[in-house]
Amino acid sequence: MNPSSKLNSQPKVLDSPLLFTVRAMNKADAVNIVGLIRDSYGNSYFYKQFYDPGEIISANEKGYLTSVVAETNDGEIIGHMALLRTQEDYQVVEPVIAVVKTGFRNRGVLTELAEYLYIRRKPELFKEVTGIYIPPVTSHTFSQKQVYNSDFKDCGIWLGYLPDAEFQKLNTTHSQRISLVLTYLYVKQPKRIIIFPPQYHTDMIVKLFKNLGVSNITCRMPHRHLQNYLKSESIVKIKESLSLGQTIVKIVRPGRNIVDEIKAKLKELCSKDISVIHLYLSLNDPSTYYLAPEFEKLGFFFAGIMPGSACKDALILQYLNNATIDYTKISLVTDTAREILSYVVKQREIGLTEIKEVSKERS
Ligand SMILES: CC(C)(COP(=O)(O)OP(=O)(O)OC[C@H]1O[C@@H](n2cnc3c(N)ncnc32)[C@H](O)[C@@H]1OP(=O)(O)O)[C@@H](O)C(=O)NCCC(=O)NCCS
């Protein structure tokens, strides 16, 4: 954990003067951070482990989280945010656990936490990092606004990704799983990318990379048949969370049986009541051109792109297992996010129609 430091962070004076400082967390702050989580979410926060101050301390000591807090001049902890970096996706980081105490909101606290944590970017936290991704909730638009103010750009919509959480005092009424808008900021902008997008998603994928600022995008079609690109064994990384009702499957290297492997995994996950499954495929791998449509036949549909993941420039597909989504409850700020949402919804509907037709033919 970084030692407590008030360097580089000046107290901020606002209209109604709220003087506060942003600094790295101390072990002693952990209890107050849990207090902030309870203040925002009651007992309904998605990541239950962070109700334990010891977990926050240990995650910071291991370097998996880097937490910063906002402290008033009276010594009250009023805000927290952390940078999450996993070994699996060491080239991307995600700011998480963004909470500001009720009574201190809409006064720039989140904005200052972000400034300290990932706008100024201490080099030691961003070694080998390609980009930063933030998937703000769409139950309200406050975090989206802050993210766009920091130059993040839209690159996906994740439907029903999180279980319902009760946001305290934000006047949000939702009784369905929460959808997120995926946003991204390159730390190291590539000069050129070469990708093999499935044909019918090419326009959307190119549009999203351009939206992230990549100007030189070469889209290729594979020269050879699918089998030529598959290895004998697949390498697939799976992160399953029963409490969140979600599973993330990353195809790092597709093997000859990859479609059957994913089919079997899907069957197993659906029987366990997993509500949402994300599938990452590398757009830099020619096999993705062929494989994405195969997975879409299983019910996966377009979710977005994620540069710098374990699958490099990833295409993300999503699968909803009986999760009903009321699209009218998704609050978005930008036109691009709205456009991605309609694309995603359309893709989901096309998939559902095709699946119904296939089952009709079989019966
Ligand atoms: C979301 C949250 C962290 C925002 O913190 P904050 O310190 O109030 O945010 P800021 O004051 O820095 O404002 C960020 C943006 O949201 C806007 N905003 C914040 N609260 C607002 C309110 N009540 N009404 C209108 N706009 C609001 C600000 O105006 C600002 O946008 P702008 O710069 O375009 O004007 C805080 O509301 C919170 O803790 N919510 C509960 C937990 C949560 O939802 N976390 C985020 C999960 S993705």
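Scroll up for the structure.
The shown structure was predicted, so the numbers you read here are calculated from the model rather than taken from an experiment.

For strand β4 (residues 92-100), the buried fraction is high: eight of the nine residues fall into the buried class. Alignment of strand β3 (residues 77-84) against β4, held across five bridges, turns out to be antiparallel. If you follow L84 over to β4, its bridge partner there is E94. The pairing of β4 with strand β5 (residues 131-134) spans two bridges and is parallel. Its bridge partner lying in β5, V92 is registered against G131.

Surrounding the ligand, one finds 22 residues, the nearest of these being N106, G108, T111, H140 and N149. One nitrogen or oxygen atom from the side chain of Y41 is found 3.5 Å from a nitrogen atom belonging to the ligand. Taking H140, its side chain carries an N or O atom lying 2.8 Å from an oxygen atom of the ligand. For the ligand, whose accessible area on its own is 920 Å², the fraction buried by protein is 77%.

On to the packing of helix α6 (residues 258-271) against helix α7 (residues 287-297), then. Remark: α6 packs on α7, axes separated minimally by 11 Å, with the N-to-C direction vectors making an angle of 30 degrees. Here α6 lies roughly parallel to α7, going by the angle between them. Like other packed secondary-structure pairs, α6 and α7 cross with a definite hand, here right-handed. Each of I258, V259 and I262 in α6 lies in contact with α7, whose residues at this interface are L291, E294 and F295. Along the lines of polarity and charge, the residues of the contact of α6 with α7 split into five nonpolar, no polar and one charged.

Our next topic: helix α2 (residues 53-62). When we look at burial in α2, the residues that qualify are I56, I57, A59 and N60. Down the axis of α2, the smallest arc covering the buried residues is 165 degrees, so these residues share one side. The secondary structure elements touched by the buried residues of α2 are α1 (30-41) and β2 (65-72). With a side-chain oxygen lying 2.8 Å from the backbone nitrogen of G54, the N-terminal cap of α2 falls on D52. Looking at the residues trailing α2, positive phi occurs at G63, about 85 degrees.

All right, on to the pairing of strand β14 (residues 312-320) then. For β14, the tally of buried residues reaches eight of nine residues, placing the bulk of the element in the interior. Where strand β12 (residues 276-282) and β14 come together, seven bridges link them in antiparallel fashion. Opposite Y280, over in β14, you have I316 as the bridge partner. Where strand β13 (residues 301-309) and β14 come together, six bridges link them in antiparallel fashion. By the bridge assignment, I305 is partnered in β14 with L315. Between β13 and the antiparallel strand that follows it, β14, lie two residues.

With that out of the way, let us pick up unusual backbone geometry. Even without being a glycine, N106 presents a positive backbone phi close to 60 degrees. By secondary structure assignment, the location of N106 is in the loop between β4 and α3 (109-119). For N322, which is not glycine, the phi torsion reads 60 degrees and is therefore positive. Turning to its location among the elements, N322 is positioned in the loop between β14 and α8 (335-362).

It is worth spelling out the pattern of salt bridges at this point. Counting across every chain of the model gives 14 salt bridges. A salt bridge links E76 to K101, with the shortest nitrogen-to-oxygen separation between them at 2.5 Å. Remark: K101 occurs in the loop between β4 and α3 and E76 occurs in the loop between β2 and β3; sequence separation between them is 25 residues. The exposure class of E76 is partly exposed, given its relative accessible area of 30%. Residue E294 pairs with K297 through a salt bridge whose shortest N-O separation is 3.1 Å. Of this pair, E294 and K297 both sit in helix α7, separated by three residues, roughly a single helical turn. Judged by relative accessible area, K297 falls into the exposed class, the value being 55%. Counted as one network, the salt bridges with shared partners bring together E240, K265, E268 and K272.

What counts as what
- Residues numbered from 1 in each chain as written.
- Predicted model: local features only at pLDDT ≥ 70, side-chain atom pairs only at ≥ 80, totals over all residues.
- Heavy atoms only, no water.
- Buried < 20%, exposed > 50% of the residue type's maximum accessible area, 1.4 Å probe, protein only.
- Helix = DSSP H or I, 4+ residues; strand = E, 2+ residues; numbered from the N terminus.
- Pairing = 2+ DSSP bridges.
- Near = heavy atom within 4 Å.
- Polar contact = N/O pair within 3.5 Å; in protein donor to acceptor, adjacent residues only side chain to side chain.
- Areas by Shrake-Rupley, 256 points an atom, 1.4 Å probe, with all protein chains shown as cover.
- Axes fitted to C-alpha atoms, helices over the stretch in contact; angles between N-to-C directions.
- Parallel < 35°, antiparallel > 145°, perpendicular 65-115°, else oblique.
- Left-handed = near helix turned anticlockwise from the far one by under 90°.
- Contact = heavy atoms within 4.5 Å.
- Nonpolar A, V, L, I, M, F, W, Y, C, P; charged D, E, K, R; others polar.
- Arc of directions from axis to C-beta.
- Salt bridge = Lys/Arg side-chain N within 4 Å of Asp/Glu carboxyl O.

As far as function goes, none of this settles anything; it's purely spatial.
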